[in-house]
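Observations on the model geometry
Chain by chain, the residues run as shown.
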Amino acid sequence: MFNLLNTPVSFAANRPEFQSLQQAIDRAQYVSAWQQAKALNDQYEGDAYFDYLYGLAALENQQLDYALLALKRAVTHDPKLVRARLELARTYLLLNNPSAAISEFKDALEFPLPAPVRSNVQAQIQQLATKPIASSGAWQGSVSFALGQDNNVNLGLNNTSINLPIFGEVILDQASVRQDSIFSELSAQLGYNRVSSPQQAWFVNGNVSNKHYPHASAYHSQELGLQAGKLWIDGAKRYQLGLNLQALQLNNQAYYYSQALDASLNYQLATDKNWLSGLSWTQTNYQQTSHQSQNNQTIQLSQQYQIRQGRLGQQWGVAISHEIPAQTQFNHLSRDVLSLGYGLNHTWNDQHSSSIGINLQRRINQAEDLSYKIKRKDTRLTLQATHQMQLTNKTTLFTHAGYIDNLSNLELYDSKKAFVKLGLAHQF
């Protein structure tokens, strides 16, 4: 696309550790260059010139995600590395993001360029600015299967009886006592998105899952979800409006269905920093007569800050929610929730990545519990850890472990659980 052979790269001669990689790129031996770049990445990632070479090798091998991250790092650490900026623009074009490409082209013009290169870049900007953007769409899907163990499927109590203030000792039904079971989980997702212009896109996603508990059959579950929405892009800001429908069956009987409207803003503060804000409304209707007292609406406001530093990503989040019961006499079942969260993820190499997350919730019911005659107040801690190993370009081996500790001021609701699962996921 660009004639950059005359672009000054005099500092490359002073980097003998990259000489073989540079020569492979210069000779268009891109497969070899990509292998060399991956081998050097752990040692030199964060070096602006290496990130440029790594990104270029990835780009020529159609590894666009790796190219994008590396070239972004290169121009962040050395804004004067104009060749990296031009290759970043080319990456954006291949990712069907012409507005971001134009921005990088314009930034490149702020630096000295050989006359032919400058002319070429200006022509590209003019062409992209006047060229009508054709609508384009794409399908994506995945399927996964996992086996695991859950030592408290229903988040129940360890004891079979409990003392209540009014009734004394009460024998608990099976639904309230901890149930331990292995499980299998099969899920599939299918989505379609269409880019109607550089500033707008819409999407439809569907998912279905089936979870089978051999030793807790009452909790066999089937879940169906459908999401649709539209995305608007305004420079560094991305606005999204969506509709989310969900239905859950327990033991082959309809349990609940819900519909939600959500609006969100994703604001890119810098190349490696994002701020997300979301507002959602959800209405949940339980289908079994014994649970219809829990029908409610929920309003939630959430904020999240994300930062990426090379292979390390971090995120902090806070959310508050308020439940509105369908009938006011059941407001003792509705809660106000404050949630704080932190996540850490690390990409070890091209095959392995890991993440950990911690979430702390304060959940306060809105009226007195009918048995205890005081408000229920829970503090719930959730810990999760995952690891993924890329087996092929489209197949991933994953493991997921978690722990939940629900500490309540009412003994009936004290509970703990731990689970672990191992599975395979395939994209198509």
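The notes below deal with the structure included here. Computed from a prediction, not measured in an experiment: that's the story for all the values here. (Residues numbered from 1 in each chain as written. Predicted model: local features only at pLDDT ≥ 70, side-chain atom pairs only at ≥ 80, totals over all residues. Heavy atoms only, no water.)

**Some thoughts on a nonpolar patch on the surface**
On the surface, Leu279, Ile299, Leu301, Val318, Ile320, Ile324, Leu338, Leu340 and Leu360 cluster together to form a nonpolar patch covering roughly 700 Å² of accessible area. Contributions of two or more residues to the nonpolar patch are made by β10 (296-309), β11 (312-325) and β12 (335-347). No other element matches β11, which puts three residues into the nonpolar patch. Inspection of the secondary structure assignment puts Leu301 in strand β10. (Patch = residues over 30% accessible without salt bridge, like charges linked within 9 Å, V, L, I, M, F, W, Y side chains within 5 Å. Areas by Shrake-Rupley, 256 points an atom, 1.4 Å probe, with all protein chains shown as cover. Salt bridge = Lys/Arg side-chain N within 4 Å of Asp/Glu carboxyl O. Helix = DSSP H or I, 4+ residues; strand = E, 2+ residues; numbered from the N terminus.)

**Description of the pairing of strand β13 (residues 352-368)**
Both β12 and β13 contribute to a ladder of 13 bridges, which runs antiparallel. Paired with Arg335 across the strands is Asn365, a residue of β13. In this antiparallel pair of consecutive strands, β12 and β13, the connection spans four residues. Judged from the 14 bridges that link them, β13 and strand β14 (residues 375-390) form a sheet pairing that is antiparallel. Its bridge partner lying in β14, Arg362 is registered against Thr379. (Pairing = 2+ DSSP bridges.)

**Focus on the pattern of salt bridges**
Per the stated rule, a full pass over the model turns up 12 salt bridges. Asp107 is the partner of Arg85 in a salt bridge, and the nearest nitrogen-oxygen pair spans 3.7 Å. Note that Arg85 is positioned in helix α5 (residues 82-94) and Asp107 in helix α6 (residues 98-108), a separation of 22 residues in sequence. Looking at Arg85, the relative accessible area reads 8%, which means it is buried. For the salt bridge of Arg90 with Glu87, the shortest nitrogen-to-oxygen distance reads 2.8 Å. Placement of the pair is Arg90 and Glu87 together in helix α5, with a separation of three residues, close to one helical turn. Classification of Arg90 as buried rests on a relative accessible area of 14%. (Buried < 20%, exposed > 50% of the residue type's maximum accessible area, 1.4 Å probe, protein only.)

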